[in-house]
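A look at the structure
In case you want the letters, here they are:
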Amino acid sequence: MIQLVRGFKDILPEEATVWQYIEQIARDHFGSFGFNEIRPPVLEQAALFRRSIGEHTDIVEKEMYTFPGSKGNLLTLRPEATASVVRAYIQHKLYASDPVQKLYTIGPMFRKERPQKGRYRQFHQINAEVFGIESPYMDAHLIFMLLSFFGKLAVDPLRVHLNSLGCPECRKPYKEAITAALSERAELLCTDCVRRLDKNPLRLLDCKVPGCREEVAHTPGMVDFLCDGCQAHFETVKSGLAAMGVVFQVDPRLVRGLDYYTRTAFEIQTDELGAQSAIAGGGRYDGLVEQLGGPSMPAIGFAVGTDRLAELILSRQDPGLRRPEIFFAAMGEAAWRKSFEWACALSARGIRVEIDFSERSLKALMRRADRLRAQYVLIVGDRELSENTATLRHMASSRQIAVPADGLVKAVMVELRSESQQ
Ligand code: HAM
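Residues numbered from 1 in each chain as written. Predicted model: local features only at pLDDT ≥ 70, side-chain atom pairs only at ≥ 80, totals over all residues. Heavy atoms only, no water.

In terms of helices and strands, the protein carries 16 helices and 16 strands. Considered along the principal axes of its C-alpha atoms, the protein spans approximately 90 × 55 × 45 Å. Total accessible area computed for the protein in this model is approximately 20200 Å², and 52% of it derives from carbon and sulfur atoms. (Helix = DSSP H or I, 4+ residues; strand = E, 2+ residues; numbered from the N terminus. Areas by Shrake-Rupley, 256 points an atom, 1.4 Å probe, with all protein chains shown as cover.)

Structure representation (structure tokens):
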């Protein structure tokens, strides 16, 4: 039998329900913060990612799915969405009508990483990106939006790691300080880091090799190098977050694995997912729009890892999302005939209905209703048919009422509504 490609996975129906729930809440929640959806394609020119994420990052050096296009150019399955959203913002001159654009996008990303739990080669993100706002209040606003999104999903406690990566001006002396500190101890670094020392010293701070981490722990943090403008920006982000009751820790070595960040960088972590603890990350990228050929335009965004978020929700609770509101226990042809019409009418009104038209005993049907954790069972048997009624049973309390067949749909809706208000 042909099996899945390694690092790729199926999202099975039970999980997919949780995914739909997450995505629906994201759409509603982000919408109330003024965001609109954008849907860029999954395939882009390889150059887009080389120029945005950076030549000397793990993603670009090792993890991209890149292949030749028909015109000899290289094409890449997107490893992240920010570069694509920026490309679309520039290409369609979205800034012309209003430079301020708040956009979100949901979809698959591709990175050829070593697969393990929580790390896949096709994974999914919910991204939010804001263009045209430089104010640090936007940073606090965006981080608050992200955390209140997790709050709506009842996902907590989470750790919020925050740093400022400064601007190109103040980052220069910082890079020099890192290079100076680590060059002396180069023999203790991995071969990748020795190379990075020259090409891209900030990337040393992401290295996961224990020896390198030990060395990096003794290096200075970016926050000690911030220029006045970056320092003031960072202070307002922190005070804005504190005003909203957000608990965070400043992590002076948080640089994140992509080269485009400036000033605010953040990561949301959990202790419940093992090694892959980051469920969201983001930051400012004030230079990227211009760097990719657009106008000079500040920007900030984040991405949530949907796979990890769904795993967290599934591991914590039975979300009960697929629970039928009404389970039909209909026995025999005459009962199916009536129930079929009622079930159609209820589903059309948005009620989650389960009916299987099978030749089964009431006992077997009730067992299935229990297994599916149905809220109500509507019993339609011989007695009900002869009395022109149906029996509506509330499963949690075992309370039963006889509902007249005429006007049944309306009566069931009223019962469900009064139940949901309790
Ligand atoms: P990132 O930190 O590379 O940032 O990815 C964001 C999130 O995607 C991670 O925190 C993680 O939850 C999830 N993720 C990343 N790689 C994998 C993987 N292989 N398997 C499962 N989940 C994964 C970015 O991608 C930036 N574009 C975020 C951003 C948006 N910055 C500004 N705007």
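Relative to the assigned elements, Cys 344 resides in helix H13 (residues 333-348). Taking the C-alpha atoms as reference points, Cys 344 and Leu 153, 191 residues apart in sequence, are found 31 Å from one another.

With that settled, the discussion passes to a nonpolar patch on the surface. Where nonpolar side chains cluster on the molecular surface, the patch consists of Val 42, Leu 43 and Phe 67 and spans about 210 Å² of accessible area. On the basis of relative accessibility, which here comes to 36%, the residue Leu 43 falls in the partly exposed class. (Patch = residues over 30% accessible without salt bridge, like charges linked within 9 Å, V, L, I, M, F, W, Y side chains within 5 Å. Salt bridge = Lys/Arg side-chain N within 4 Å of Asp/Glu carboxyl O. Buried < 20%, exposed > 50% of the residue type's maximum accessible area, 1.4 Å probe, protein only.)

Glancing now at the site of the ligand. Taken together, 27 residues surround the ligand, and among them Glu 80, Thr 82, Glu 113, Glu 129 and Tyr 261 come closest. Within the side chain of Thr 82, an N or O atom sits 2.9 Å from a nitrogen atom of the ligand. Its free accessible area being 650 Å², the ligand has 95% of it covered by the protein chains. Sorting the residues of the shell around the ligand by element identifies strand E6 (122-131), strand E10 (278-284) and strand E11 (299-305) as the ones contributing at least two each. Of all the elements, E10 adds the most residues to the shell around the ligand, at six residues. Split into classes, the residues belonging to the shell around the ligand amount to eleven nonpolar, nine polar and seven charged. (Near = heavy atom within 4 Å. Polar contact = N/O pair within 3.5 Å; in protein donor to acceptor, adjacent residues only side chain to side chain. Nonpolar A, V, L, I, M, F, W, Y, C, P; charged D, E, K, R; others polar.)

Pairs of aromatic rings are described using the distance from one ring centre to the other and the angle between the two planes. Applying the stated criterion across every chain yields a total of 13 aromatic pairs. Arranged with centres 5.9 Å apart and planes meeting at 85°, the rings of Phe 30 and Phe 302 form a pair that is edge-to-face. You can see Phe 30 sitting in helix H1 (residues 13-32) and its partner Phe 302 sitting in strand E11, a full 272 residues away along the chain. The ring of Tyr 120 has Lys 9 lying over it, and the distance from NZ or CZ to the ring centre is 4.4 Å. Looking at Lys 112, its charged tip hangs above the ring of Tyr 65, at a distance of 5.1 Å from the centre. (Phe/Tyr/Trp six-rings, centres within 6.5 Å; stacked < 30°, edge-to-face > 60°. Lys NZ or Arg CZ within 6 Å of the ring centre and 35° of its normal.)

Glancing now at the nonpolar core. Counting 89 residues, the largest nonpolar core has Phe 30, Phe 149, Phe 150 and Leu 309 as its most contacted members. Ignoring any residue separated from it by four or fewer positions in sequence, one finds Phe 150 in contact with Val 155, Leu 158, Ile 268, Ile 279, Ala 280, Val 304 and Leu 309. Core analysis: the second largest hydrophobic core is formed by 22 residues, Ala 330, Ile 351, Leu 392 and Leu 416 among them. (Core = buried A, V, L, I, M, F, W, Y, C linked by side-chain atoms within 4.5 Å. Contact = heavy atoms within 4.5 Å.)

With nine of ten residues buried, helix H4 (residues 82-91) is to be regarded as a mostly interior element. Those residues of H4 that sit buried are Thr 82, Ala 83, Ser 84, Val 85, Val 86, Arg 87, Ala 88, Tyr 89 and Ile 90. A positive phi of about 45° marks Lys 93, the residue just after H4.

As a further point, take the pattern of salt bridges. Enumeration according to the criterion identifies 28 salt bridges in this entry. When the shortest N-O distance is used, the salt bridge between Asp 259 and Arg 203 registers 2.4 Å. Of this pair, Asp 259 sits in the loop between strand E8 (249-250) and strand E9 (262-269) while Arg 203 sits in the loop between helix H8 (191-199) and helix H9 (210-216); the two residues are 56 residues apart in sequence, bridging distant segments of the chain. Arg 383 is paired through a salt bridge with Glu 384; the nearest N and O atoms lie 3.7 Å apart. Relative accessible area serves as the criterion here: at 6%, Glu 384 is assigned to the buried category. Among the charged side chains, a network of salt bridges with common partners joins Asp 58, Glu 61, Lys 62, Asp 192, Arg 195 and Arg 196.

Right, let's get into the environment of Trp 19. Tracing the backbone shows Trp 19 in helix H1. A residue is classified by how much of its surface remains accessible, and Trp 19, at 6% relative accessible area, is buried. With 291 residues separating them along the chain, Trp 19 and Ala 310 place their C-alpha atoms 6.3 Å apart. The residues contacting Trp 19, other than those within four sequence positions of it, are Lys 9, Ile 11, His 124, Thr 306, Asp 307 and Ala 310.

What follows covers the side chain of His 161. Mapped onto the fold, His 161 is located in strand E7 (residues 159-164). Within the local environment of His 161, its side chain forms a polar contact with the side chain of Asp 251, the two groups lying 3.0 Å apart. Polar side-chain contacts of His 161 include one of 3.4 Å to the side chain of Gln 269. Apart from residues no more than four positions distant in its own chain, His 161 is found in contact with Gln 249, Asp 251, Leu 254, Ala 265, Phe 266, Glu 267 and Gln 269.

Another aspect to go through is the domain arrangement of the protein. Looking at the assigned domains, one finds that the protein contains domain 1 (13-167 + 227-316) and domain 2 (326-417). One C-alpha centre belongs to domain 1, the other to domain 2; they are set 46 Å apart. (Domains from an automatic or database assignment.)

Okay, helix H7 (residues 168-183) next. Counted at 1.5 Å a residue, the expected span for H7 with its 16 residues is 22 Å, and the 22 Å between its end C-alpha atoms agrees. On its buried side, H7 packs onto H8, H9, helix H10 (228-243) and E9. (Expected span 1.5 Å × (residues − 1).)

A full pass over the atoms with the stated rule returns one cavity of 30 Å³ or more. Counted as a void, the largest cavity has a volume near 30 Å³. What lines the largest cavity is simply Phe 328, Ala 330, Trp 336, Ile 355, Asp 356, Phe 357, Ser 358 and Leu 365. Looking at side-chain class alone, the lining of the largest cavity contains six nonpolar, one polar and one charged residues. (1 Å grid on protein atoms, 1.4 Å probe; cavity = no way out; pocket = protein on both sides within 12 Å on 5 of 7 lines; lining within 4 Å. Points joined across faces, edges and corners; volume = space filled by probe spheres on them.)

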